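Spelled out, the chains give:
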Amino acid sequence: MAKQMQISMAIYQIDEEATKDTVEKYLGDAREYQVTEYIPLEQKITPSYESRFHGNTNTVSSPVENIAIQNIEEQENRRKHIERAERAINCLGTRHQKLIRVRFMEDDYVSDTDVAAELGYSDRHYRRMKSLAIYRLAGILGLVVLKDD
């Protein structure tokens, strides 16, 4: 008789609460970036003198250039964050898209009860739909949080 070999693989356990919180924070940030305007940093009027007691490094450092780069990068990062959230939401089914948009992207301070009523769902059905949509977004966005054993 030949011995059968069993392969045992550990299954990763998902930390559901942490995953939910991570996705909700990501969507909240996207909403915040949509409704707020980034106020660029500005250079001080009078730069302070800074003595340097080292050899020539042949590098140029300009605070104005650094601030300009930071301003451009921050605006670009915000734009990419919003676009990524929108692309992920577009990957969901129609009902899940509507639920996520109404709850997280269209208005501030919307309660789950209000969204459930607006969409015509019972509270239980709404919670089930929201949970599934959140976990699908977590997979799409790569925001799944695993449990530490």
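What this report covers is the structure whose coordinates are included nearby. Keep in mind the model is a prediction, meaning the values are calculated, not measured.

Procedures and definitions
Residues numbered from 1 in each chain as written. Predicted model: local features only at pLDDT ≥ 70, side-chain atom pairs only at ≥ 80, totals over all residues. Heavy atoms only, no water. Helix = DSSP H or I, 4+ residues; strand = E, 2+ residues; numbered from the N terminus. Contact = heavy atoms within 4.5 Å. Areas by Shrake-Rupley, 256 points an atom, 1.4 Å probe, with all protein chains shown as cover. Salt bridge = Lys/Arg side-chain N within 4 Å of Asp/Glu carboxyl O. Buried < 20%, exposed > 50% of the residue type's maximum accessible area, 1.4 Å probe, protein only. Phe/Tyr/Trp six-rings, centres within 6.5 Å; stacked < 30°, edge-to-face > 60°. Lys NZ or Arg CZ within 6 Å of the ring centre and 35° of its normal.

Focus on the overall build of the chain
- A tally of regular secondary structure across the chain gives five helices and zero strands.
- Secondary structure elements in the chain, listed N-terminal to C-terminal, are α-α-α-α-α.
- Intrachain contacts of the chain at a sequence separation of at least 6 include 75% that bridge at least 24 residues.
- When the accessible area of the chain is evaluated, it comes to approximately 11700 Å², of which 51% is carbon and sulfur surface.

Some details on the pattern of salt bridges
- Summed over the entire model, instances satisfying the criterion amount to 11 salt bridges.
- The partner of Arg 79 in a salt bridge is Glu 76, with the nearest N and O atoms 2.2 Å apart. You can see Arg 79 and its partner Glu 76 sitting in helix α2 (residues 63–90), three residues apart, about one turn around the helix.
- Among the residues examined, Arg 79 registers a relative accessible area of 35% and is labelled partly exposed.
- The partly exposed category is assigned to Glu 76, whose relative accessible area is 30%.
- Here Asp 112 makes a salt bridge to Arg 103, at a shortest N to O gap of 2.6 Å.

Notes on the packing of aromatic side chains
- A complete count under the given rule lists zero aromatic pairs for this structure.
- Just above the ring of Phe 104 sits the side chain of Arg 103; from NZ or CZ to the centre is 4.9 Å.

Considering the side chain of Arg 78
- For Arg 78, the location among the structural elements is in helix α2.
- Exposure remark for Arg 78: the relative accessible area of 17% places this residue in the buried category.

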